[in-house]
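Letter by letter, the chains look like this.
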Amino acid sequence: MDKLKVLFHVNDPERWQRTLLNIKNFVLDVGQEHAEIEVVANGAAVSVYADTGSCEKSTGCGKAGGDLLEQMNKMAETGIRFAACRNALRMHSIVEKTLPPFVRVVPAGITEIVKKQADGYAYIKP
Amino acid sequence: MDKLKVLFHVNDPERWQRTLLNIKNFVLDVGQEHAEIEVVANGAAVSVYADTGSCEKSTGCGKAGGDLLEQMNKMAETGIRFAACRNALRMHSIVEKTLPPFVRVVPAGITEIVKKQADGYAYIKP
Amino acid sequence: MDKLKVLFHVNDPERWQRTLLNIKNFVLDVGQEHAEIEVVANGAAVSVYADTGSCEKSTGCGKAGGDLLEQMNKMAETGIRFAACRNALRMHSIVEKTLPPFVRVVPAGITEIVKKQADGYAYIKP
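This write-up is about the structure you can find in this document.

Thresholds applied
- Residues numbered from 1 in each chain as written.
- Chains lettered and ligands numbered in written order.
- Predicted model: local features only at pLDDT ≥ 70, side-chain atom pairs only at ≥ 80, totals over all residues.
- Heavy atoms only, no water.
- Least-squares fit on C-alpha atoms with pLDDT ≥ 70 in both.
- Contact = heavy atoms within 4.5 Å.
- Buried < 20%, exposed > 50% of the residue type's maximum accessible area, 1.4 Å probe, protein only.
- Core = buried A, V, L, I, M, F, W, Y, C linked by side-chain atoms within 4.5 Å.
- Pairing = 2+ DSSP bridges.
- Helix = DSSP H or I, 4+ residues; strand = E, 2+ residues; numbered from the N terminus.
- Axes fitted to C-alpha atoms, helices over the stretch in contact; angles between N-to-C directions.

1. Here we look at the relation of the copies chain C and chain B
When chain C is brought onto chain B, the operation consists of a screw motion whose angular component is 120° and whose axial shift is 0.0 Å, with 0.0 Å RMSD remaining. Overall, the copies show the geometry of a three-fold rotation axis. Residue by residue, only 12% of the interface of chain C is reproduced at the interface of chain B, so the copies engage with different surfaces.

Put into structure tokens, the structure is as follows:
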């Protein structure tokens, strides 16, 4: 079986949870070795990538974000790729080097999404 | 003319109405014989598939759901396919055998969506 | 480099702003000569196309709409195409001839989206 290639597009922060759940269920269904998955975040959704930093300084904040990042981190270790749009990072005043190492910054999220679809990836907007 | 193949993805219950309207307008435009349509519901959107059952027990509930189901049922008779994600059904405690006969349960909604796109279906998120 | 072909689908009026921002960033990234862009509006999103008319009659209304239309107009001059679904226009009682000249009316927005994807356009729902 060829690998099933999927691009998930997230632009609302509140859609991260269902996106990660979608990915988990997909991988459980087809098997990790048959899935090629990339997640591209733009818009306000990139803010969740930056929740780590703010949560190291206080205990009350970003629990949801921290938990999401932890899930993403584990997924990244299995080969799932996470990208962030540089324009969105700038709009939300997020410094690139504060992002977790598994996040790849792309010049423009839309370009990444378009190129991946041209490369045979299915598009899903959770 | 080749058939125009389309996959509609619904994950919010409140998007069902516009999804069905989109389908109606599309079929009116291209003709039923030129359209190959599948709707895949995951997330909370699967709850609408189950509105029949709850409404047989009371009179005050699920009117909207019942009306949507009726529309779906008529569409299904013309060859439009409706699928439900099994993971989503479980999360919403919906028993599969209570679903209307026209609903096909798939192991994972995302897998179905990815495969259909690989098979040439356009993707639309209403 | 082949042109990167993209279809943006807008059905909620409040998503226009981010759609236009996505387009700007995309064009800045890949260069206008490498981008082939079409925007298809259906549902309530078509109302923004009609904000001009109402704003010519009063000063207090449609500022956001007017500003969006101005941005669209400039984009249209660079070759970006804007389409409106005729069914949606009717539902929102918008008279076609009141639309700005750069808006092309299509019989059904969904058909346009499906055909563009069949023609190799990536699909993006901002």
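2. Re unusual backbone geometry
Its identity is not glycine, yet Ser93(A) carries a phi of approximately 55°, on the positive side. Owing to a relative accessible area of 65%, Ser93(A) belongs among the exposed residues under this scheme.

3. So, the nonpolar core
The biggest cluster of nonpolar side chains holds 129 residues, and the ones touching the most others in it are Trp16(A), Tyr49(A), Trp16(B), Tyr49(B), Trp16(C) and Tyr49(C). Sequence-distant contacts of Trp16(C), defined by excluding residues within four places in its chain, comprise Val10(C), Val39(C), Ala41(C), Ala45(C), Val48(C), Tyr49(C), Leu68(C), Met72(C) and Phe82(C).

4. Things to note about the relation of the copies chain B and chain A
Aligned on chain A, chain B shows an RMSD of 0.0 Å; the corresponding rotation is 120° and the shift along the axis is 0.0 Å. When you check the interface residues of chain B against chain A, a mere 12% turn up at the interface there too, and the two sides of the contact use different surfaces.

5. Considerations on the sheet that holds strand β5 (residues 122-124) of chain B
All names here are of chain B. Read across the sheet, five strands follow the order β4-β3-β2-β1-β5 without closing on themselves; strand pairing throughout is parallel. Edge strands, defined here as strands with exactly one partner in the open sheet, are β4 (103-106) and β5. Strand-to-strand twist of the sheet, defined as the mean angle between neighbouring strand axes without regard to direction, takes the value 25°. The strands touched by helix α1 (residues 16-30) within the sheet are β1 (4-10), β2 (35-41) and β3 (81-85), with β2 carrying the most contacts at an inclination of about 175°. Those strands touched by helix α5 (residues 109-118) are β1, β2, β3, β4 and β5, and its axis lies near 155° from that of β2.

Shape is all these values report; function is a separate question.
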